[in-house]
Structure formats: C-alpha cells, structure tokens
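Structural overview for review
Single-letter residue listing:
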Amino acid sequence: MGVKGLQSFVERCCPEACMTVNLSEMARQHVAKNQQSCTSTANVTSPTLVVDGMSCLRHWYSCMNWVCGGQWMQYMDVLKNWVEAFTFAGIKLVFFFDGVVEEQKRPEWVKRRHGVNRDIVKIFNHIKEHGEQPGKQLSCLPSALASFTPFALRSLGQEVFCSVREADYEIASYACQHGSIGILGQDTDFIIYDSAPYLSVAKLRINSLTTVMYDRERLCRNIGLTVTQLPLLACLLGNDVVSEEHMQHIRSNAVAAYRRTNPAPYSGPPQGEVVLAVAQFVSSLYASAEEDTGLVPHSLNVTSSQRELLKKGICSYLLPGHKNYELVDISVPPSAFEKYVSPEILKACREKHVAAEGFMVYSVVCAGVTECSNSLEDVMDEELLPQALVYKSCRQRIYGLLLLLGKDGSTVDVPAIREWFVFPGNPLKEADTVHPVPINIPSFLTIFDCLDYSDLHGQIGESLLAALCLVTYIVLQVETLCEEDVDAFLSQTVCLRLKSPLELQQIELPLLSSRAVQLGSLYVRGLSHLLGANNASGCPLPSAALMPWHSFDGRLFHSKYLLAHSGVEKSELLESDMSCLSQFVQLKEKLLETCRKRGRVLLSRPRVTQKNLHPPPGVRYRGTHSGFPPRADQGWRGETKRDIQHGQTWREREEVWREQSGYENSERLQWRGEHRGGGQSFHSYRSNSYEGRPLNRNQPPKQNRGRLYHNRGRYQLAPRWQHPPAP
C-alpha cells in the first residue's frame, strides 16, 4: 500500500523523520492552542484523530484464532477497549473505510488479490499437513472483516464514513479541512499528502497511546525536496496509480546518475539508494525549469501516455485549497442506472453509503460495480463451490429488487452489473457481467427463497431467523453439504448465546479441518449477503441481528463441526441444554421441510479424521467443547458403520434412498446434464482435504474443474429447485 519502498526508507535511512509522540499530549496541546485563539470556550473543538480503518484491521484483529471464520465476540471487545482508550484521553475518533475501488487502481487491486490467493494456498496446505493454524507469517484476516467493522464501530457510538472515491484522499482531505491532530494508519501516501501528521498504527501502544509520527518536513529536508514535489516523487517510485513497471526506466537512469555524482559507494539498503536517486532527479527537474510548467515538468522525458498517467497520479494527491487543485477532476460520475432509479433514491443511497449504513446498495445502483476480496477457499477442494458462485443467485435477486422493481419484465435493455469477485480459478482479467433477476414478491425472505419462514418472524429471534435463512440457502445451493454440516451450523447458532468471549477463546480444537475452515468462511460471506439483501429490501430486520458477533464464532463452529462428524448424540452437541436442543430441533425441522418441498435430499455423510495427524503438543480436551471428544476415534457409528462393514458405501445407500423417495426424477437428471457436464453427479467430485470420508474404491477418476471454473463466462449457477408460485 502507498509509495513503493518509502516506508522502509523513512524508518531505516531517515530516522530524524520518525518521532515518538504521545497522543494524549498532542490532544492537550491542541486544546491549549485552541483556547488561546478562541474567545469563547464554546468554540474550542475537540482534538480529532482521523483513522484509516482499512489500515487498522490487522492491528485490531488480535484474536488468537483467525482461520476458522473469526472470533467476532472477542473482536468486538477489542474494538470497545480500543475506542475507550482514546475517549478517556479526550480524543474524538473519525473512521474512514474504502467504499469503492477506483478503476485507475483496479490493476493494483487485482495484483494484491492474486498475491493473497497464493498465501491462501499455502495456508490450506499447512492445515492439511499439520492439522493446525499456520503461524503469523501466513496469517490472513477473517472473511468480511472490512464489511462488518464499520457497523461494529457505529454500534460503539463512533463516527464512521465510507468513501465514494479513494479512501486515502477523503481521509487526507477531511483531516486537512477539520484541523485534525493526525491521521492514524499504515500507508505512506499520508506522507505525500500535505495534510495532518501521519501516525503509525503499527507502532501504536494502546496502553500508553504512544506511536511514531512520520514528519514530512524533516523527510523533505533529508532528501532535498519541497512538500509540493513529493507527489511526483511518489509517482516515479510507484504507487497505486502509477505502477513500478511504468517508471522503471526513469529509476534506473536516476540511480546511474546518482552514482556518477556520488562516487562514494552507497552502504545503506538498496531501496534507500533508489529513493535518494529519484529525489535527486526530481530536484534537478524543478531546478532546470525556468517557469511554472504545470504538474509534470516539460524536461521530464516520457511518452505522452506516461505523462498523462503521471498527471493522474499527481492529481490524486492534490487537496482542496492547494496549488493546482483546480486541475483535479472532482465531478461526481453519473449513476450507471439513472433510468432505472429515481434521483431521490440515488441521493438516499449515497447518503446511506457515506454514513456506512448502505452496504452493497450504493455500489450497485450508483456505480454498477461490486467487488469482493479474498476468502479462505481451498483451490484443491472440488466438492465445495466458491462463495462467489454459491451466492450468485442471491445477488442477482438483490440486483433485481434494486433495479427492476415495477418494471414490465421486458428483457430488452436489461441492466448488467460488473462483478469483481475473487475465487479460485478466476483470473480477474475482466469483470464478470451479471444480470439482475426479477422477483415476484419484493422481500428479504424471497431473495433467499425462504418465504415459507414468514410465519417464524416474531416467534424466534431475528438472528435465529436470519441464520435459518442462510443455512437453508446454502443447503439448497451446495449439493455436497450433508446433514452433519447442517447440524454444525445450527448447533453453533443456538449455543452461541451460552458463551462468553472468554469461554469461546478457551475452546480447544484437537486439530483443524480444511473443509470446516472453508465452510466457516462461506457462512460469514453469507452474513454479508444477508446484510445486502436486508438493505435492498428496506431493512425489515435490524442490522444488529445480522452481525457475526451476535450469530457466529469460528472456533465454536469448528468444534461443533468436529463433534457432529464424530457422531455424538444431539444432546451432547447441544451441550445438554434443553432450550438449545428445542431451538435446534425447531430450526432443523423447518429446514428439512423446505428441503423436501424443493426435492433436496439431505444425507448423512460423517467425515472422520486421518489417524496419521496428531494434535499439536500440549493440547488437552476440555469437556464436551474440545472439538473431538475422546471417543471420536471410534469413527462412524450405528447404521453407517454397519453398512460399511457389509460393503455398502454411502453412495450405494444414497441410491437406495433415492429409489425409495423418487428423488431421481427426469427433471433432476436433465438439470445435472445441463449444469454439471456429461451427466456427472456431484459424487465424482472428491475433496483433497486431509480429513477422511466415506470411501468408494471404485470411484471414477477425479475430474478437473473444467467448465465450472475455467469457462466461467458460460457458467450460470442454476437454482436447485423449481420456484413455488407466488402466494
């Protein structure tokens, strides 16, 4: 993030620009200065610290477990304590989060997403080999952390904004215009902006409120530039707008010239020499300019396209009230779908978005683009669909509700949304074009095809209702989901209320399942789709009911997954709590009833753990909450175990079940032929995760992902059921 190599240069080669500061003292000095200049105490403004939320996510998420889907209740406690530390010091916090990805920065966004994908492959390889979470060198933030954190901060009474252009720019602009004491983040772009001081969140010590301030004036004195020349330096070094590759020849020439004028060998870090050389080159450009030459000196020998790119990069740093700001394009781009949405609705969507209340809606109706970053998904697991495809039909209905409501249903000139969703097999060379799907009844439940659950509204908690809708939707979309998976999801949901954050942290997991890791990530991504659907349908549910800290804990879910697949009794799975058991039975009966109506057979397929993986040293079992109880090594139990002993596999049992239930009808077979390719059912897709599974030695050879992944343009995730007629 930010300017390539500048952070390390400042810290290693320019220590005088790195000043340890106490934020409480900065706040006191701010108040004292204002009191001297104000005639009335009523006019004294509180010291404000502008926080780059995206830069702080890794600092905030200090929970021990991150791979299972997130420990959200503990995360909320961390945020609460963090905010209270600043409040106690009299510092007002204003948070900004990325609301859009500007198209000029899309290549850099894609490059970073591919880098994270490579790390995720290593994470799953580690889990399969060792059965445990990797160390910090391979840590990855839980899915959707950036989506839910603004809501978490708002619930703590904080002022939160989502950007409508590049967030760094809005942060620097806000801090400059409001006289903030600083910008807290971890992005060297904040050294380049002529704005409030840049304060490091990586160096922050929350107990003492001390951190490091990077002083741009001292940096400029060290490298021989003025503050107004820093934007050109940033562009030549490489940033999010001007990639390193575009200006490589200029840096090479600058380094060669630097060595000629400084014959003494450079002994510092290699990147330090590059920064000093480019700074010397920039200084020479302005020294040779006889007059004001605009943003890019005429003496800079670049092509016309490179010059235009440099202008864009420099303009991205020019703030209101600064020199050459009139060259910045501040026009608001027109809505992508003005003819589908009224100006009043567009205005309301923008206001909700800026206030961090309108997740997904603004990007659809105003920009016509949505994106989703990396999720913990195993590229080698061919049983589980990526979350982007699982929730595609849900998003299409959300788009339909936002753009097609009240239309005559004509297919002529139907709007299309461009989706940038990261998942295994997607090269991200271009956006996927997705068309909205009209829905007969504009409601939250209709989006997830759960209108049958309308009678539960008011009878069960709103978080439980939302969880039931989500699990039902996943079951109907993912054919390989089994009964044990459903039991894990539902038992986690109803048992969460019994747990304190400390108890959730103390859950011991004897080992990790790569499949459960992906299911946890899938569920949390589903919660974000619940939130988008709720916003699109007018918020029939309070947003709080859809927040993961009220409905999900990754460690608890993982323990329930291990227990469910080990075959424990339901009373043990529900921790011998009759209230939880009653709720679990109620939710599961509703889900199974919906599955029967849709022709979805939910089968039992317990997966046991390979015996050659052992828990890490020192792991102890802690009651019934430790994941696998001691008897988990018994493998399958009851009827399933007897069937295996008599040579009957789960696949054969399923065929018998289908013949008895009439499940395998011609319509189902036709669906398979059209959407799975060659009439193959999902049984030919085998997981490469480390965990064991019901074995079929005569299983056909493993297919590659074929049309499903590599020919995504033709792939359409079809519904698994016939839509019921509207009531």
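Think of each chain on its own: its residues are numbered from 1, step by step along the sequence as written. Where totals are concerned, whole chains, interfaces and linings use all residues; where local detail is concerned, this predicted model gives features only for residues with pLDDT of at least 70, and gives and counts side-chain atom pairs only at 80 or more. Hydrogens are left out, water is left out, and the side-chain values use all remaining heavy atoms of the structure.

1. Some remarks on the overall build of the protein chain
Each helix corresponds to a stretch of at least 4 residues labelled H or I by DSSP, and each strand to a stretch of at least 2 residues labelled E; elements are numbered beginning at the N terminus. Counting its secondary structure elements, the protein chain contains 30 helices and 10 strands. The buried share of the protein chain, reckoned over its 727 residues, is 56%. Working rule for contacts: check all heavy atoms of both residues, and any pair within 4.5 Å makes them a contact. Excluding contacts between residues fewer than 6 apart, the proportion of contacts in the protein chain whose partners are at least 24 apart in sequence is 76%. All accessible areas in this document rest on Shrake-Rupley with a 1.4 Å probe, and a residue is counted as covered only by the protein chains that are shown. If you sum the accessible surface of the protein chain, you get close to 31300 Å²; carbon and sulfur atoms cover 52% of it. The buried label applies to any residue whose accessible area, calculated with a 1.4 Å probe on protein chains only, is under 20% of its type's maximum; exposed applies above 50%, and partly exposed to all values in between.

2. A word on the pattern of salt bridges
The salt bridge criterion pairs a side-chain nitrogen of Lys or Arg with a carboxyl oxygen of Asp or Glu, the two atoms within 4 Å. Under the criterion given, the structure shown has 32 salt bridges. Arg-106 serves as the salt-bridge partner of Glu-371, at 2.9 Å between the closest nitrogen and oxygen. Note that Glu-371 is positioned in strand E8 (residues 369–372) and Arg-106 in helix H5 (residues 106–130), a separation of 265 residues in sequence. With a shortest N-O distance of 2.9 Å, Glu-575 and Lys-499 are connected by a salt bridge. In this pair, Glu-575 sits in the loop between helix H25 (570–573) and helix H26 (578–598) while Lys-499 sits in the loop between helix H20 (483–495) and helix H21 (501–505), placing the two residues 76 residues apart along the sequence. Several salt bridges share partner residues, and in doing so they unite Lys-4, Lys-105, Glu-108, Arg-112, Glu-166 and Asp-240 into one network.

3. What to know about the sheet that holds strand E10 (residues 432–434)
For two strands to be treated as a pair, DSSP must find at least two bridges joining them. Overall, mixed pairing links the 3 strands, which are arranged E8-E9-E10 in an open sheet. Since the sheet does not close on itself, it has two edges, and those belong to E8 and E10, each with one partner. Neighbour-to-neighbour, the strand axes of this sheet turn through a mean angle of 30 degrees, independent of strand direction. Fitting a line to C-alpha atoms yields each axis, with helices limited to the stretch in contact; the angle taken between N-to-C directions then spans 0 to 180 degrees. Here helix H17 (residues 392–403) sits on the sheet and contacts E8, strand E9 (417–421) and E10; the angle it forms with E9, its principal contact strand, is near 145 degrees.

4. Looking at the packing of helix H3 (residues 53–60) against helix H6 (residues 145–155)
In a packed pair of helices, the relevant descriptors are the angle between the two axes and the axis-to-axis distance. It is at 11 Å that the axes of H3 and H6 come closest, and there the two elements cross at 95 degrees. As summarised for this structure, H3 and H6 are arranged roughly perpendicular, according to the angle between their axes. Of the residues in H6, those touching H3 at Met-54, Leu-57 and Trp-60 are Leu-145, Ala-146, Thr-149 and Leu-153. Residues are grouped as follows: nonpolar covers Ala, Val, Leu, Ile, Met, Phe, Trp, Tyr, Cys and Pro; charged covers Asp, Glu, Lys and Arg; every other residue, Gly included, is treated as polar. Taken together, the residues that form the contact of H3 with H6 break down as 6 nonpolar, 1 polar and no charged. Roughly parallel means an angle under 35 degrees; roughly antiparallel, over 145; roughly perpendicular, 65 to 115; everything else is oblique.

5. Here's the deal with the pairing of strand E5 (residues 182–185)
The alternating pattern of E5 places Gly-182 and Leu-184 on one face and Ile-183 and Gly-185 on the opposite face, and all of these are buried. Bridge count for strand E2 (residues 48–52) against E5 is 3 bridges, and the pairing is parallel. Directly across from Val-50, in E5, lies its bridge partner Ile-183. Inspection of the sheet shows E5 paired to strand E6 (residues 198–200) by 3 bridges, in the parallel sense. What sits directly across from Leu-184, in E6, is Leu-199.

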